[in-house]
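Examining the three-dimensional arrangement
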Amino acid sequence: WGNYAVPQAYHLGISVESDGGLAPNGGYGYTESIEIYKAANATGSNVLMYWWEPDSLIESYRGTDYEFVPIHLPPPTAECVDARVSQEDRCSANFTLQVGSPMGSCDAG
C-alpha cells in the first residue's frame, strides 16, 4: 500500500519529518506505526500519522482521550487525482519526483 503524505505535506506547507527506516522517504512499517501511536499515548505526546478506516487501531481508541482526529485536506477533484505523483515516483530517491506537482496534493478521498 502507499499514500501521498510526502507530496501533500510538502505542497500544503505542513511541516513534518519522518525518521523511519524505510527508504527512500523515512517511513515506518505498520507494526512500527502502531508502536509509535501507543508510545505517544502512554507519554501524552502528540503524533501525526497517515492512517485509514476501517482499522481496528482506530476503533480501539474511539471515544477515549487518545481518539484519532482526522485532518481534512483539499477535496480530491478529478484534476487533482490525475495530477498525483505516480507510485514509481513516490518511491524515487529524487525528492523532486517524490513530491510531484502541487496540483496533486489533495485528500486521498
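Refer to the structure presented above.
The model shown is predicted, which means the values in this text are computed figures rather than measured ones.

Some details on the pattern of salt bridges
- Under the counting rule described, the total for this entry stands at two salt bridges.
- The partner of Arg62 in a salt bridge is Glu53, and the shortest N-O contact between them spans 2.8 Å.
- You can call Glu53 exposed: its relative accessible area is 57%.
- A salt bridge links Arg62 to Glu59; its shortest N-O distance comes to 2.6 Å.
- Judged by its relative accessible area of 40%, Arg62 falls in the partly exposed class.
- Taken together, the shared-partner salt bridges connect Glu53, Glu59 and Arg62 into one network.

Looking at the nonpolar core
- With seven residues, the main nonpolar core is built from Ile34, Tyr37, Trp51, Leu57, Ile58, Tyr61 and Phe68.
- Contributions of two or more residues to this core are made by α2 (30–43) and α3 (56–61).
- With three residues, the top contributor of residues to this core is α3.
- Beyond its immediate stretch of four places on either side in the chain, Trp51 contacts Tyr30, Ser33, Ile34, Leu57, Ile58 and Phe68.

Considerations on the state of the cysteines
- In this structure the tally under the stated criterion is one disulfide.
- Through a disulfide, Cys80 is tied to Cys106; the S-S separation comes to 2.0 Å. Across the disulfide from Cys80 to Cys106, rotation about the S-S bond amounts to roughly -105°, and the bridge is consequently left-handed. With Cys80 in helix α4 (residues 78–83) and Cys106 in the segment after α6 (95–99), this pair connects stretches of sequence that are 26 residues apart. Each member of the pair Cys80 and Cys106 is classed as buried.
- This cysteine, Cys91, is not joined by any disulfide, and Cys106 carries the nearest cysteine sulfur, 18 Å off.
- With relative accessibility at 52%, the residue Cys91 sits in the exposed group.

Cut-offs and rules
- Residues numbered from 1 in each chain as written.
- Predicted model: local features only at pLDDT ≥ 70, side-chain atom pairs only at ≥ 80, totals over all residues.
- Heavy atoms only, no water.
- Salt bridge = Lys/Arg side-chain N within 4 Å of Asp/Glu carboxyl O.
- Buried < 20%, exposed > 50% of the residue type's maximum accessible area, 1.4 Å probe, protein only.
- Core = buried A, V, L, I, M, F, W, Y, C linked by side-chain atoms within 4.5 Å.
- Helix = DSSP H or I, 4+ residues; strand = E, 2+ residues; numbered from the N terminus.
- Contact = heavy atoms within 4.5 Å.
- Disulfide = S-S within 2.5 Å.

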